[in-house]
Amino acid sequence: MAQRDVKNRIASVKNIQKITRAMEMVAAARLRRAETRIAALRPYAGAIRRMTRQAAEAAGDVPALPILADREQEERVALLLVTADRGLAGAFNSQIIRAGIRAGDDHVAGGREVVYYATGRRGLSSLTFRNRAPEQAFTGFTERPSYANAREISHALTAAYVDGKVDRVEILYNGYISPMSQEVRRETLLPLQKATILDAHEDDAHAAGESNAHALVDYEPEPEEILERLVPDYVEISIFRALLESTASELGARMTAMRSASDNAGEIIDDLTLEMNRARQAEITQEIMEVVAGAEALG
Amino acid sequence: MARTTFKVEVLTPEGEVFNDEVEMIATKTVEGSIGILAKHQPLLAMLDPAELRLYRSESEIVTLAQGEGYLQVAEDGGVLILVEEAHEPAQLDTADLSEKLRAAEEAYARADAHSEEQRLAARDKRRWEAFQRIASGS
């Protein structure tokens, strides 16, 4: 390759490296915010748990709500795949799609029908492409999900469950461990297990407010009625937590992907620089040989 | 004369929105309007979407549009308010609210009678209606 061509290639790789570096830094900044939001949910989730236990104690037990009831026969299963609106984040989206389709195929092999739900444009397009068009897709918020998004998803899934359209609801999302590592998690959202509500949880330590364990408490309305709304809140909170963790995972994955892209660009630049220097040296050698040959001809 | 104050914390899933001493709280539970002063009896109440007023003093009032939630008065008189969402009235977008209200009304009309889907759509409808009232200042 001529010296000029190599020079042009170096310039274009340097441009790419600038973009990937910028994307890496943007993802890193957003990731810090996403981590803050995961932490901000804890006091709320902990306080909801504590209130639920208080109301359950006052009511004697958790009432038999439809979302707590196991179905004897599971004929239809809903799978919610939590993906991102954007790509460029390594295996982030594809590993959810792959795990979701595998889980779906397992259900089908077990004689159950599968209904897909998706968040994120990537999930919607991949599922549609693979002839598994989702029943409903929720898009446009995956970089910054709000609680209202989680509520909308939760309402759609809870209605499907309670109205008997599906007999089980599972969620697949990228759980956030650290900026460098995410893991695919598969959890059952519905039926909700009573143990999930009443057992100790790490959020309890973060709970806001104080306990009312021994005071005479007024309830408005009756504790049973309060529980009818408190218990379904768990589904919303679980979905919200999954959305937040997925966002942090997406940003972590993008940060890592962009860092290795930048590193790769750096290696290519080094190789090309070496090649350019060789080409330049070859040209110089050629010129010297021509000069020497010319001088000899004259002498 | 200034009234006795007590601690109030307002929490949403997206973080804390208020944490201060107030003289009085005015809001709405599913059973009706409620006002809370210092040394209120321990209480656990379920809140409906409505205007939440936090009186730092007679003249300094913090107003928020609250979504559905819960209010707890602890033994020590401190109040914890958990709401799905809380917005400053000025931040409410009336065009966006009308759009959401329309969507909820459509979902309500589309759903089967007495289904969970219809019940949830009715809840959405009530929330957006309440927010609209707050946004229009009535």
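Heads up: these notes are all about the structure in this document. Just so you know, the residues in each chain are numbered from 1, in the order the chain's sequence is written. Whichever chain is written first becomes A and whichever ligand is written first becomes 1, with later ones labelled in order. Only residues with pLDDT of 70 or above have their local features reported here, since the model is predicted, and side-chain atom pairs are shown and tallied only from 80 upward, although totals for entire chains, interfaces and linings are computed over all residues. Heavy atoms throughout the structure, all of them, feed into the side-chain values; hydrogens and water do not.

**Regarding the interface of chain B and chain A**
Interfaces are often sized by the amount of accessible area the parts lose when they come together.
Reasoning step 1: With 39 residues of chain B at the contact, the number on the chain A side is 39 residues.
Reasoning step 2: A 1.4 Å probe defines the accessible area here, and the buried area is the portion of it lost by two parts on being joined, summed over both. Carbon and sulfur atoms supply 55% of the area that chain B and chain A bury against each other, a total of about 3400 Å² over both sides.
Reasoning step 3: In terms of surface lost to chain A, no three residues of chain B exceed B:Pro13, B:Leu44 and B:Tyr70, which account for 21% of the buried area on that side.
Reasoning step 4: Salt bridges are defined by distance alone: a side-chain nitrogen of Lys or Arg within 4 Å of a carboxyl oxygen of Asp or Glu. One can count 5 salt bridges joining chain B with chain A. We call two residues in contact when some of their heavy atoms are within 4.5 Å.

**Considering the packing of aromatic side chains**
Reasoning step 1: Planes of paired rings set the category: under 30 degrees apart is stacked, over 60 is edge-to-face and the rest tilted, where pairs are Phe, Tyr or Trp rings (Trp by its six-membered ring) whose centres lie within 6.5 Å. This structure, assessed with the given rule, holds 3 aromatic pairs over all chains.
Reasoning step 2: Arranged with centres 6.3 Å apart and planes meeting at 65°, the rings of A:Tyr44 and A:Tyr147 form a pair that is edge-to-face. Placement of A:Tyr44 in helix α1 (residues 3-59) and of A:Tyr147 in helix α4 (residues 147-162) is noted, with a sequence separation of 103 residues between them.
Reasoning step 3: Exposure remark for A:Tyr147: the relative accessible area of 1% places this residue in the buried category.
Reasoning step 4: With centroids separated by 5.9 Å and ring planes inclined at 75°, the aromatic side chains of B:Trp128 and B:Phe131 adopt a geometry described as edge-to-face. Here the residue B:Trp128 and the residue B:Phe131 both occupy positions in helix α2 (residues 116-135), the gap between them amounting to 3 residues, near one helical turn. By the burial criterion, B:Trp128 is buried, and B:Phe131 matches it.
Reasoning step 5: One Lys or Arg, B:Lys125, reaches over the ring of B:Tyr108 and ends 5.1 Å from the middle of that ring.
Reasoning step 6: Only lysine NZ and arginine CZ atoms are considered, and such an atom sits over a ring when it is within 6 Å of the ring centre and within 35 degrees of the ring normal. Geometry around B:Trp128 places B:Arg127 over its ring, the cationic atom sitting 4.9 Å from the centre. Secondary structure elements are defined from DSSP: runs of H or I of at least 4 residues count as helices, runs of E of at least 2 residues count as strands, and each element is numbered from the N terminus. Burial classification: accessible surface area is computed with a 1.4 Å probe over protein chains only, and a residue below 20% of its type maximum counts as buried, one above 50% as exposed, and the rest as partly exposed.

By themselves, these observations are geometric and do not establish any function.
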